[in-house]
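Below are the chains, spelled out letter by letter.
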Amino acid sequence: MKLRLVLISLLVLATTGIAQTPDAISRMDGWVSWTVPLAEGVRICCNGCSVSSQGFTTNINDDGPPERFDMLVAVKIAGGRIVNARGFQSECRGTIKGATVRHLTGVSVDASLDFLAAHLHDRSDASKMLALIAQHDSPRIPGLLLRFARRGEEEDVRKDAVFWLGQRGGEEGYRYLRDLVRNSGESQSLRERAVFSMSQSKAGDTQELIDIARNHENRRIRREAIFWLGQKAGEKAASELRRAVDDDPDEDVREHAVFAISQLPKERGVPILIDLARNHKSPAVRKKAIFWLVQSGDDRALGLVEEILR
């Protein structure tokens, strides 16, 4: 997904040498901006991205040495409220069409976070604000995300906060996600979002997803865990998917596990699908395995289909 930026000339009025506080920023009017450090390994994409939450796009870099960049935060203030918000990686040269932006100096990371958190609910769409918050380089990020993920917030806000906990919540955020998945008093959609976020967290372990896929009482939660296990290439993930096909009591979950196996790298997934197509006791599972084998385009799949037809 691409972040659409309009590249035009931009008049920026600089205010220098003033320590800007959240209250002082709130009293301004029109577009204002300031620069803060981005979190390690995080980029706001200019030409395409791998992680997305509600239209705000970023790239979480898992390969190579960590990179450091700055983020230009730009907000439009009217009557003490934020009516628009943008975040640009400074070297992307993103601009705001037809706008004169007053650039502030002396805005600390803490002041930026306090300002954005205080104004999270100024706009009906809080996702961009949460994304801006999550990408600051600050040890306060997990605590702020937890604050917005907990009960008392609107469901959409909680979902976005749960998404970012998987990216930036660390061990504290991961523990919250794990407890959320187990909490039957929470909404189904929020718990499913938490399973996804667990699968993305660097603080997590594949075994946690395996335990959910194997033991959770809710079949939709088991199915979600199975799906994200299918995105992992490890031997443990492949073994658990096969176990789910054989042992899960719900037919829908078993068939979903067959699909998840088809998402594994071919060297792992295709042999399992071939075995299922030949030997599984369930006709529905055999049918699904054949279907996904054909979709894989693997030569071994063609050989199996010819064998079955004969």
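Everything numeric here is computed off the predicted structure, so don't read it as measured data.

## What to know about the pattern of salt bridges
Here is step 1: On inspection of all chains with the given rule, the structure shows 17 salt bridges.
Here is step 2: A salt bridge links Glu 217 to Arg 191; the shortest N-O distance between them is 3.7 Å. One end of the pair, Glu 217, is in the loop between helix H8 (206-215) and helix H9 (219-229); the other, Arg 191, is in helix H7 (residues 188-200), and 26 residues separate them in sequence.
Here is step 3: Residue classification places Glu 217 among the exposed residues on the basis of a relative accessible area of 59%.
Here is step 4: The salt bridge involving Asp 298 is made with Arg 300; its shortest N-O contact spans 2.9 Å.
Here is step 5: Relative accessible area serves as the criterion here: at 13%, Asp 298 is assigned to the buried category.
Here is step 6: With relative accessibility at 41%, the residue Arg 300 sits in the partly exposed group.

## A closer look at the packing of helix H5 (residues 155-168) against helix H6 (residues 170-182)
Here is step 1: Contact geometry for H5 and H6: axes closest at 8 Å, N-to-C directions at 130°. The orientation of H5 relative to H6 falls into the category oblique. Note that H5 runs across H6; the crossing there is left-handed. The segment H5 lies against H6, with Arg 158, Val 162, Leu 165, Gly 166 and Arg 168 engaging Gly 170, Gly 173, Tyr 176, Leu 177 and Leu 180.
Here is step 2: Grouping the constituent residues of the contact of H5 with H6 by class yields five nonpolar, three polar and two charged.

## Digging into the nonpolar core
Buried together is how nonpolar side chains tend to be arranged in soluble globular proteins.
Here is step 1: The biggest cluster of nonpolar side chains holds 84 residues, and the ones touching the most others in it are Trp 34, Val 75, Leu 116, Ile 133 and Leu 276.
Here is step 2: Excluding residues within four positions of it along the chain, Ile 133 makes contact with Leu 113, Leu 116, Ala 117, Leu 120, Ile 141, Leu 144 and Phe 148.
Here is step 3: Formed by seven residues, the second largest nonpolar core is a distinct cluster that contains Trp 31, Phe 88, Ile 96 and Ala 99.

## Overview of helix H10 (residues 235-247)
Here is step 1: Look at H10: 18 Å from first C-alpha to last across 13 residues, which is about the 18 Å you get at 1.5 Å a residue.
Here is step 2: Buried residues belonging to H10 abut H8, H9, helix H11 (251-262), helix H12 (266-279) and helix H13 (283-296).

## Focus on the environment of Ala 74
Here is step 1: Residue position: Ala 74 is located in strand S6 (residues 70-78).
Here is step 2: A sequence separation of 39 residues divides Ala 74 from Thr 35, and the C-alpha atoms of the two residues are 8.9 Å apart.
Here is step 3: For Ala 74, the residues in contact, after removing those within four places along its chain, are Trp 31, Val 32, Ser 33, Asn 84, Ala 85, Arg 86 and Ile 96.

## Considering the pairing of S6
Here is step 1: Examined bridge by bridge, strand S2 (residues 30-37) and S6 share eight bridges and lie antiparallel to one another. Looking at the pairing, Ser 33 lines up with Ala 74 of S6.
Here is step 2: The pairing of S6 with strand S7 (residues 81-89) spans eight bridges and is antiparallel. Bridging from a neighbouring strand, Met 71 pairs with Gln 89 of S7.
Here is step 3: Counting the residues between successive antiparallel strands, the hairpin from S6 to S7 contains two residues, one of them, Gly 79, with a positive phi of roughly 60°.

## Some points on the side chain of Arg 168
Here is step 1: Structurally, the position occupied by Arg 168 is in helix H5.
Here is step 2: Although Arg 168 is buried, it makes no salt bridge; Asp 137 carries the closest opposite charge, 5.4 Å away.
Here is step 3: Here Ala 134 takes part through its backbone oxygen, which lies 2.7 Å from a polar atom of the side chain of Arg 168.

## What about the pairing of S2?
Here is step 1: The buried count for S2 comes to six of eight residues, which makes it a mostly enclosed element.
Here is step 2: Pairing between S2 and strand S8 (residues 100-104): three bridges, direction parallel. Note that in S8 the partner of Ser 33 across the bridge is His 103.

## Some details on the confidence of the model for the protein
Low pLDDT means the predicted coordinates in that region are not meant to be read closely.
Here is step 1: Mean pLDDT for the protein: 83, with 84% of residues reaching 70 or above.
Here is step 2: Summarising per-element confidence for the protein, the mean pLDDT is lowest in strand S4 (residues 51-53) (35) and highest in helix H4 (residues 141-149) (97).
Here is step 3: When the criterion is pLDDT under 50, residues 1-17 qualifies, and its contacts beyond four places in sequence or with other chains add up to 45 contacts.
Here is step 4: Here residues 47-65 is a poorly scored stretch, pLDDT under 50, and it has 50 contacts once near neighbours within four places are set aside; other chains count.

## Overview of the packing of H6 against H7
Here is step 1: Here H6 crosses H7 at 140°, and the two axes come no closer than 9 Å. Classed by the angle they form, the pair H6 and H7 counts as oblique. Where H6 crosses over H7, the two elements pack in a sense that is left-handed. Only Leu 190, Arg 191, Ala 194, Val 195, Ser 197 and Met 198 of H7 make contact with H6, whose side of the interface consists of Tyr 174, Leu 177, Arg 178, Leu 180, Val 181 and Arg 182.
Here is step 2: A per-class count over the contact of H6 with H7 returns eight nonpolar, one polar and three charged.

Rules used throughout
Residues numbered from 1 in each chain as written. Predicted model: local features only at pLDDT ≥ 70, side-chain atom pairs only at ≥ 80, totals over all residues. Heavy atoms only, no water. Salt bridge = Lys/Arg side-chain N within 4 Å of Asp/Glu carboxyl O. Helix = DSSP H or I, 4+ residues; strand = E, 2+ residues; numbered from the N terminus. Buried < 20%, exposed > 50% of the residue type's maximum accessible area, 1.4 Å probe, protein only. Axes fitted to C-alpha atoms, helices over the stretch in contact; angles between N-to-C directions. Parallel < 35°, antiparallel > 145°, perpendicular 65-115°, else oblique. Left-handed = near helix turned anticlockwise from the far one by under 90°. Contact = heavy atoms within 4.5 Å. Nonpolar A, V, L, I, M, F, W, Y, C, P; charged D, E, K, R; others polar. Core = buried A, V, L, I, M, F, W, Y, C linked by side-chain atoms within 4.5 Å. Expected span 1.5 Å × (residues − 1). Pairing = 2+ DSSP bridges. Lys, Arg positive; Asp, Glu negative; His and termini not counted. Polar contact = N/O pair within 3.5 Å; in protein donor to acceptor, adjacent residues only side chain to side chain. pLDDT = per-residue confidence, 0-100.

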